[in-house]
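So the chains spell out like this:
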Amino acid sequence: MSREACIAERFRPFGASIFAEMTRLANQHKAVNLSQGFPDFDGPDGAKQAAIAAIHAGHAQYARMIGVPDLNRAIADSWAARGYGTIDPEANVTVTSGCSEAIINTLVGILNPGDEVIFFEPYFDFYTAGAAMAGATPKFVALHPPRKGESAFWLDPNELRAAFTPRTRAILVNTPHNPTGKVFTREELEMIAGLCREHDVIAITDEVYEHLIYEKSLPHIPMATLPEMWDRTITLSSMGKTFSLTGWKVGWAIAPPHLSAGVRAAHQFMTFSTATPLQYGAAAAIREPGDYSVRLRELFASNRDRLSAALRDCGLIVHPSHSTYFLMADHSPLGFADDRAFVTHLIEKIGVAAIPPTGFYNRKELGKPLVRFAFCKKAETMDEAIKRLRALRPAM
Ligand code: GLN
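The model shown is predicted, which means the values in this text are computed figures rather than measured ones.

A. Focus on the packing of helix 3 (residues 69–81) against helix 10 (residues 276–287). At a closest axis distance of 8 Å, the pairing of helix 3 and helix 10 adopts a crossing angle of 25°. Classed by the angle they form, the pair helix 3 and helix 10 counts as roughly parallel. In the packing of helix 3 onto helix 10, the handedness of the crossing is left-handed. Where helix 3 approaches helix 10, its residues Asp70, Leu71, Arg73, Ala74, Ile75, Asp77 and Ser78 are matched on the opposing element by Gln279, Ala282, Ala283, Ile286 and Arg287. Here the residues of the contact of helix 3 with helix 10 are counted per class, giving six nonpolar, two polar and four charged.

B. Representation of the sheet that holds strand 6 (residues 202–206) within the structure. One open sheet accounts for seven strands, arranged 2-8-7-6-5-3-4; its pairing is mixed. Among the strands making up the open sheet, the edge pair consists of strand 2 (93–96) and strand 4 (137–142). Here the strands of the sheet are splayed against their neighbours by 20° on average, with no regard to which way each runs. Here strand 7 (residues 233–238) pairs with strand 8 (residues 251–254) via four bridges, running antiparallel. In the strand pairing of strand 8, Ser238 is matched with Gly251.

C. Summary view of the environment of Arg304. Within the fold, Arg304 resides in helix 11 (residues 292–313). Along the chain, Arg304 and Met396 lie 92 residues apart, while their C-alpha atoms are 29 Å from each other.

Criteria and cut-off values
Residues numbered from 1 in each chain as written. Predicted model: local features only at pLDDT ≥ 70, side-chain atom pairs only at ≥ 80, totals over all residues. Heavy atoms only, no water. Axes fitted to C-alpha atoms, helices over the stretch in contact; angles between N-to-C directions. Helix = DSSP H or I, 4+ residues; strand = E, 2+ residues; numbered from the N terminus. Parallel < 35°, antiparallel > 145°, perpendicular 65-115°, else oblique. Left-handed = near helix turned anticlockwise from the far one by under 90°. Contact = heavy atoms within 4.5 Å. Nonpolar A, V, L, I, M, F, W, Y, C, P; charged D, E, K, R; others polar. Pairing = 2+ DSSP bridges.

Written as structure tokens, this is what we have:
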């Protein structure tokens, strides 16, 4: 039996996770790991204490399928406190094992084989894998790199409109956006919302970086809060990025009851429920966030600026990032064959790991000139990466 034959056809096109591969190579070559997006420091104490207390209190059995009541309530309260509207913790909130599970639940739970789902490229690779699991057909709309004088990746309204067909069932919008650091503007979201209403399409949004925006002029706008969008939007998020607890894998879906039904239909057979003590920890963090995310944003904005300057000094074209853990840069001025060749050189010869982003593209050629760096690290980690990058020279 060949290895290939043992992988179901639906997963064969995806190969091994690029995040796992790059982290393994970073460890093997003792490179500073700016590839997979995770902080190299701990989350807030309150969350940890609450999770430990829940373990000691004997919260050891299956949680309720839709989430521990206290966490559903904390998520609903936080939504309301930010002015997004009053929601019902029971009918509208489903707790999942990270946003990743919420993405898969949503795609598998609402799409039928033959349905089309629109993704922007570059995309987080879970989206296309989820569409494959659902048997749905992905359609891609490019986010184009900023041209001279432009400050963000942009979408062409005509390309977006052309992607909608009578078979389109859903569009997935990730804002703030991994890997580009783009924050979708109100105008862009209104345009997408208009097309969803016109074609009777469901909007799925991935908002895990909602608290990590570094520009005051670019507020986070949930699609669900736009006119007539609540009834057709599933909002996905998590606590991992906000509280530097990516390994806790606590996420959620917020949706009207008819869309929650689709998410829950899959969730009950995917994981059934999420780790009970961690849900208590998550509830505590969401209720009492303190100034954790304020300090996190200060650190990451400074890291982003310092890394951008260092990469520019090396000759890369750095595309502005306004949010998330990441920035994208164009390495083509250095003359490497493609993103793989550049990242391999970076890891093996320079001692810094990054992500080659062709895996985030349907049209691979769009990813080849690019490289993604994570800046969600301690200042000292960034110092070391920046020091090592000084040795980077153009390819011979
Ligand atoms: N979201 C993380 C990133 O983009 C990786 C998640 C994962 O490893 N599956 O780096």
